[in-house]
Amino acid sequence: MTSSTSRPRVRMTGAQRRQQLLDVGRELFGQKGYEAASIEEIATRADVSKPVVYEHFGGKEGLYAVVVDREMQRLLDRFTSALSTPGHPRELLERAALVLLEYIEEDTEGFRVLTRDSPPVTSGVGTFSSLIGEVARKVEHILAGQFDERGYDPRLAELYSQALVGMVALVGQWWLDNRSLGKQDVAAHLVNLAYNGLAHLDPQPGLTA
């Protein structure tokens, strides 16, 4: 039997090796968080020496920063695409809720990376809260137009956008580990509360799209 230590190392281009390390880092950071993941384990899973990781990213923190930036951009692109097409406010809210829930379902490790612990030096920069703030700004622009059309003070759009996006984000974090309801059901209940309000909750909510 050939021992695992005798396997020939796969030769990769610099770009391929960098991508491999990003994939390994994403998986480990998602599973363990930043603190618990080590350069040694990252190197072992990638079948390289520790200096290779340092060569590409300067260390664990550098690798983590790139992984987080990529995940943030991936999720932000989804939100941007979903909210770029005009629609009824309820429909836009449905799209936003489904974007986050679909991302959690399809890219669970990526979402865990965004919501787990992060190194103190990056606190507030490239974090899930900063991503949510960016999404809220996009929603604020949409709400301001809707408020103006309906005779509401458009300056309140900022407050409402933070409330709506924050609610969706927190429910998303809850749904990450509690799948008692399906994605469509969770989105429907989110929209039910946000659009109808507690005073007019639909006992059996559904999505319009």
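Being a predicted model, the structure only gives us computed values, none of them experimental.

Another point: the UniProt feature "DNA-binding region" (unreviewed entry) in the protein. Feature annotation in UniProt assigns "DNA-binding region" (unreviewed entry) to the following positions: residues 38-57. For residues 38-57, the helix share is 80%, the strand share is 0%, and the end-to-end C-alpha distance is 14 Å.

On inspection of all chains with the given rule, the structure shows 6 aromatic pairs. An angle of 85° between the planes, with centres 5.2 Å apart, marks the rings of Phe29 and Tyr64 as edge-to-face. Of this pair, Phe29 sits in helix H1 (residues 14-32) while Tyr64 sits in helix H4 (residues 60-84), and the two are 35 residues apart along the sequence. The pair formed by Phe29 and Tyr64 is uniform in burial state, with each residue classed as buried. Here Tyr103 and Phe111 contribute two aromatic rings whose centre-to-centre distance is 6.3 Å and whose plane-to-plane angle is 75°, an arrangement assigned as edge-to-face.

A few words on the nonpolar core. Leu21, Phe29, Ile42, Leu75 and Leu114 are the most contacted members of the largest nonpolar core, which totals 57 residues. Setting aside its immediate chain neighbours within four residues, Leu21 contacts Ile42, Ala46, Val48, Val52, Val53, His56, Phe57 and Leu63.

To continue, consider helix H7 (residues 128-149). The end-to-end C-alpha distance of H7, which contains 22 residues, comes to 32 Å, matching closely the 32 Å that a straight helix rising 1.5 Å per residue would cover. Along H7, the residues classified as buried are Phe128, Leu131, Ile132, Gly133, Val135, Ala136, Val139, Leu143, Gln146 and Phe147. Phi for Gly151, located one or two positions after H7, is positive at around 80°.

Turning to the side chain of Glu71, a few remarks are in order. Relative to the elements of secondary structure, Glu71 occurs in helix H4. Accessibility expressed as a relative area gives 2% for Glu71, which makes it buried. A distance of 3.1 Å separates polar atoms of two side chains, one belonging to Glu71 and the other to Arg74. Among all residues touching Glu71, those that are not within four sequence positions of it are Arg26, Tyr103, Gly110 and Leu114.

What follows deals with the packing of helix H2 (residues 39-46) against helix H3 (residues 50-57). Contact geometry for H2 and H3: axes closest at 8 Å, N-to-C directions at 100°. Taken as axis vectors, H2 and H3 run roughly perpendicular relative to one another. Contacts from Ile39, Glu40, Ile42 and Ala43 of H2 reach H3 at Lys50, Val53 and Tyr54. Partitioned by chemical class, the residues of the contact of H2 with H3 number 5 nonpolar, no polar and 2 charged.

Summed over the entire model, instances satisfying the criterion amount to 17 salt bridges. Across the pair Arg45 and Glu27 runs a salt bridge, and its minimum N-O distance is 3.6 Å. Linking Arg45 in helix H2 with Glu27 in helix H1, this pair joins segments that are 18 residues apart in sequence. Judged by relative accessible area, Arg45 falls into the partly exposed class, the value being 36%. Among the charged side chains, a network of salt bridges with common partners joins Arg26, Glu71, Arg74, Arg78, Glu106, Asp107 and Glu109.

Time to look at unusual backbone geometry. Backbone geometry places Asp47, a non-glycine residue, at a positive phi of 60°. With respect to the helices and strands, Asp47 occurs in the loop between H2 and H3. For Asp47, a relative accessible area of 34% puts it in the partly exposed group.

Quick look at the environment of Leu63 now. Summarising the element assignment, Leu63 is placed in helix H4. Spatially, the C-alpha atom of Leu63 lies 7.0 Å from that of Leu22, the residues being 41 residues apart in sequence.

Thresholds, definitions, all that
Residues numbered from 1 in each chain as written. Predicted model: local features only at pLDDT ≥ 70, side-chain atom pairs only at ≥ 80, totals over all residues. Heavy atoms only, no water. UniProt positions renumbered as here; feature names shortened; annotations may be inferred. Helix = DSSP H or I, 4+ residues; strand = E, 2+ residues; numbered from the N terminus. Phe/Tyr/Trp six-rings, centres within 6.5 Å; stacked < 30°, edge-to-face > 60°. Buried < 20%, exposed > 50% of the residue type's maximum accessible area, 1.4 Å probe, protein only. Core = buried A, V, L, I, M, F, W, Y, C linked by side-chain atoms within 4.5 Å. Contact = heavy atoms within 4.5 Å. Expected span 1.5 Å × (residues − 1). Polar contact = N/O pair within 3.5 Å; in protein donor to acceptor, adjacent residues only side chain to side chain. Axes fitted to C-alpha atoms, helices over the stretch in contact; angles between N-to-C directions. Parallel < 35°, antiparallel > 145°, perpendicular 65-115°, else oblique. Nonpolar A, V, L, I, M, F, W, Y, C, P; charged D, E, K, R; others polar. Salt bridge = Lys/Arg side-chain N within 4 Å of Asp/Glu carboxyl O.

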